[in-house]
Structure formats: structure tokens, C-alpha cells
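Read off the chains here:
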Amino acid sequence: MTKDHATSTPRKALSNGSVRSLARGLSILRHVNKVGEARPGEIAKALGIPRPTVYRLLETLEELGYVAFSATSNYVRVTRFAAALGDGYALTSEITQAAGPIFGEYAKRVVWPLDLSVYNNAAMVVQETTHGRSPLSIDRGMTGFRMPVLRTSAGRAYMAFCPDEERNLILDHLRRLNVEEDQPYLEEPMLSHLLDDTRARGFAIRDSGEFRQETASIAVPILSRGVVLGCISLIWIRSAMTTRRAAEDYGAPLREIAEKIAASLPD
């Protein structure tokens, strides 16, 4: 047996095994999406897949953000991220393209850096930013940066204004991830207080060094027909401005930017 032949067989077997796992994972995702919610045992019986394999694939799908287990039962459901696979990328692209010119329009009025972020798999992901153009920014290369949900103003704005069902799925996911820094914000009454205050103000605040010590931020949601498409954040150096001053000077422009982005999207 030659060396090439000896090494090619395991690679072929690995490839076939990977394809089989992928096919099974997709069939599980389609089944859960079709029935709405299901227990792993029900999925195994319906698809003829061994129960241990179903559990393993569901764990992988949950880690990737496509499904979420209920915190109070053994049911699994697809996430908004999975449900939007058909049009999610296109919508994010449209929001990002709309934000660029609108950010430029407000450049002289809003000198502090702005971020557009969207929710993805237990994080807020920066899609468009003026950090590279703002003379007041201390950050660079923020596009694609993944930020925590409950410790950023963007994540808090998203959580406060997204539908209850989606919020519960996100909270279930965050609790299962069990990130130490998130724990205080997952506990009651802090969680409810945080979200209620954000709704009452109409914007979210991060100003206590819970994410980055040097900066603070406020954020507003981009709303379209009651759905949160993303969030616009303004970031400033904590020692340079109070939160009250930031809200008074920049709250209205942030809301205008969010409204213009939403209005520019196709129906």
C-alpha cells in the first residue's frame, strides 16, 4: 500500500462522516422549524436518528445560534437567526448600505463615533461604523466586532424593544452560555429594571465601565413595523462628557438616524 493510498482513505471517511452529520443537522433544523417546537426524543423518532446523535447535533446548532432550548422544559425551538436565514443577510446588507450615507450626513453634527450593529448568536455585531473617520475615537477596526448583549447599550436597546418571545430565547441562550460577566445582568430585579428604564427613556445607556472602562455609549433601536432591525450607538470617552449631556445633545440625532435608515428600506 502506498503512502498516498493509506492517507486518502481516512480523509474520504472523514468527509463522508462530515457530510452525513451536516445532512442530519439540516434535517433536524427543518423539522423543528416545521413543527414549531420539539423534544430531542420526538425529533429522534420522527427522523429515525439515534437520540444521542440528535442531542449532539442540537448542542452544535445551539452553539451556532440556530436553535435554543427552553429554560423550563426540554423543548427546542429555532431562533430568529435561523428563521431569517432566507432573507437575513440581504436585510443586513440593505441596512448597512443605507447607514453609510446617513452617517456621513450627520458627521459634522455628531463628531463622536457611531456604530450600526445587529444581533447575531448571543452578540451584537458591528456592521457599519464611523470610528475610522471620527477624530474623537479611541477604537479602530470595529467592523465585524462582536459585542456582549447585556453589557452594551446596543444590546440593551435591542433586548428592550425586541418581541417577548425573541427576548426569552436570547436570555435562555445567554444563561446557558454562563459567561461570568453577564451574570449580574441576568438576575432579577436588575434585568427588569434595566429593560424597563430603557423603554421609558427610548434609548439604552452604558456608562458604568461594564464593557469598556474608558468609554460610555447610548443606543437607539432601528424599528420597522414593530421589529428591531438593529441599533445605532454613539460612543464617547467617559471623562469627556456626562451621560446626561450625551443624551441631551445626541439623543435626538440618534433617533433621526435610526428613523431615516428604517424609512430608506424597501417595503
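Residues numbered from 1 in each chain as written. Predicted model: local features only at pLDDT ≥ 70, side-chain atom pairs only at ≥ 80, totals over all residues. Heavy atoms only, no water.

S.K.: Is there a simple way to think about the nonpolar core in this case?
M.R.: Generally speaking, nonpolar side chains in soluble globular proteins are found buried as a group. The biggest cluster of nonpolar side chains holds 29 residues, and the ones touching the most others in it are Ile222, Ile232, Leu234, Trp236, Ile257 and Ile261. Those elements giving two or more residues to this core turn out to be α5 (88-105), β3 (114-119), β7 (215-224), β8 (227-237) and α10 (243-264). At seven residues, the largest contribution of residues to this core is made by α10. Counting 25 residues, the second largest nonpolar core, distinct from the first, contains Met124, Tyr158, Tyr185 and Leu186. (Core = buried A, V, L, I, M, F, W, Y, C linked by side-chain atoms within 4.5 Å. Buried < 20%, exposed > 50% of the residue type's maximum accessible area, 1.4 Å probe, protein only. Helix = DSSP H or I, 4+ residues; strand = E, 2+ residues; numbered from the N terminus.)

S.K.: I would appreciate a short explanation of the pairing of strand β4 (residues 124-129) in the present structure.
M.R.: In regular strands, side chains alternate between the two faces of the sheet. With five of six residues buried, β4 lies mostly within the body of the structure. As defined by bridge partners, β3 adjoins β4 across five bridges and the pair is classed as antiparallel. Paired with aspartate 115 across the two strands is threonine 129, which belongs to β4. Bridge analysis of β4 against strand β5 (residues 146-147) gives two bridges, and the strand direction is antiparallel. Paired with methionine 124 across the bridge in β5 is methionine 147. (Pairing = 2+ DSSP bridges.)

S.K.: What's the story with the pattern of salt bridges in this structure? I'm lost.
M.R.: Working definition: two side chains of opposite charge can pair if their charged atoms are close together. Following the criterion strictly, the structure yields 11 salt bridges and no others. Taking the shortest distance from any N to any O, the salt bridge between arginine 39 and glutamate 42 comes out at 3.4 Å. The partly exposed category is assigned to glutamate 42, whose relative accessible area is 37%. Where arginine 151 meets aspartate 182, a salt bridge forms, and the shortest distance between an N and an O atom there is 2.8 Å. Residue arginine 151 is located in the loop between β5 and α6 (153-161), and its partner aspartate 182 is located in the loop between α7 (164-177) and α8 (183-186); the two are separated by 31 residues in the primary sequence. Neither residue differs from the other here; arginine 151 and aspartate 182 are each classed as buried. (Salt bridge = Lys/Arg side-chain N within 4 Å of Asp/Glu carboxyl O.)

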